[in-house]
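# Per-entry structural report
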Amino acid sequence: MKKIEAIIRPEKLEALRLALEEVGYPGIMVSEIKGHGKQRGVTHQWRGTEYKEYFLSKTKIEVIVPDSQVKKLTAAITEVCRTGTVGDGKVFVSSVDDAIRIRTGESGDVALS
């Protein structure tokens, strides 16, 4: 099993949700986060005064999938969320040792469906 974490632009969340449902993964975890990458924030101007916003709003998506589905989901995420500009985000894939469904006690890949 793998855990896919994607840091994306907040405005891409609904399109990503629909794309994940389309490829067969309606269950996702979503967190609103703040942070910055290489660009170190953005500069805004308001009423003639310039100010810097260091931490930008982003959305973090987490999905746990069987190993065989990782490529399909990461491809869907990158396709939907790519704009080609700085700040599109990142996708991280890490190993998950086990998953246990609390209600039934099922574990492993069975607990994911």
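Overview of the structure. Every value quoted in this text rests on a predicted model; they were computed, and no experiment measured them.

## A word on the overall build of the protein chain
- Check the secondary structure of the protein chain and you find two helices and six strands.
- Taking 113 residues into account, the globule formula puts the C-alpha radius of gyration at 13 Å, and the protein chain, at 17 Å, lies well above it.
- Viewed in the frame of its principal axes, the protein chain has a C-alpha envelope of about 60 × 25 × 20 Å.
- The buried share among the 113 residues of the protein chain stands at 30%.
- Counted over contacts in the protein chain with a minimum sequence separation of 6, partners at least 24 positions apart contribute 69%.
- Total accessible area on the protein chain is roughly 7700 Å²; 52% of this is exposed by carbon and sulfur atoms.

## Structural notes on helix α1 (residues 13-22)
- For α1, the complete set of buried residues consists of L16, A19 and L20. Seen along its axis, α1 keeps its buried residues to an arc of 100°; they face one direction.
- On its buried face, α1 is in contact with β1 (2-8), β5 (56-65) and α2 (70-81).
- Within two residues after α1, G24 carries a phi angle of roughly 105°, on the positive side.

## Here we look at the sheet that holds β1
- Pairing is antiparallel in the open sheet, where four strands are placed in the order β2-β5-β1-β6. Sheet topology places β2 (29-35) and β6 (90-95) at the edges, where each strand pairs with a single neighbour. Put simply, the sheet's adjacent strands are angled 25° from each other on average, direction ignored.
- Running over the sheet, α1 touches β1, β2 and β5 and is turned about 10° from β5.
- Against the sheet, α2 contacts β1, β5 and β6, and its axis sits at roughly 5° relative to β1.

Rules used in this analysis
Residues numbered from 1 in each chain as written. Predicted model: local features only at pLDDT ≥ 70, side-chain atom pairs only at ≥ 80, totals over all residues. Heavy atoms only, no water. Helix = DSSP H or I, 4+ residues; strand = E, 2+ residues; numbered from the N terminus. Rg over C-alpha atoms; globule rule 2.2 N^0.38 Å. Buried < 20%, exposed > 50% of the residue type's maximum accessible area, 1.4 Å probe, protein only. Contact = heavy atoms within 4.5 Å. Areas by Shrake-Rupley, 256 points an atom, 1.4 Å probe, with all protein chains shown as cover. Arc of directions from axis to C-beta. Pairing = 2+ DSSP bridges. Axes fitted to C-alpha atoms, helices over the stretch in contact; angles between N-to-C directions.

Bear in mind that shape data such as this cannot, by itself, settle questions of function.
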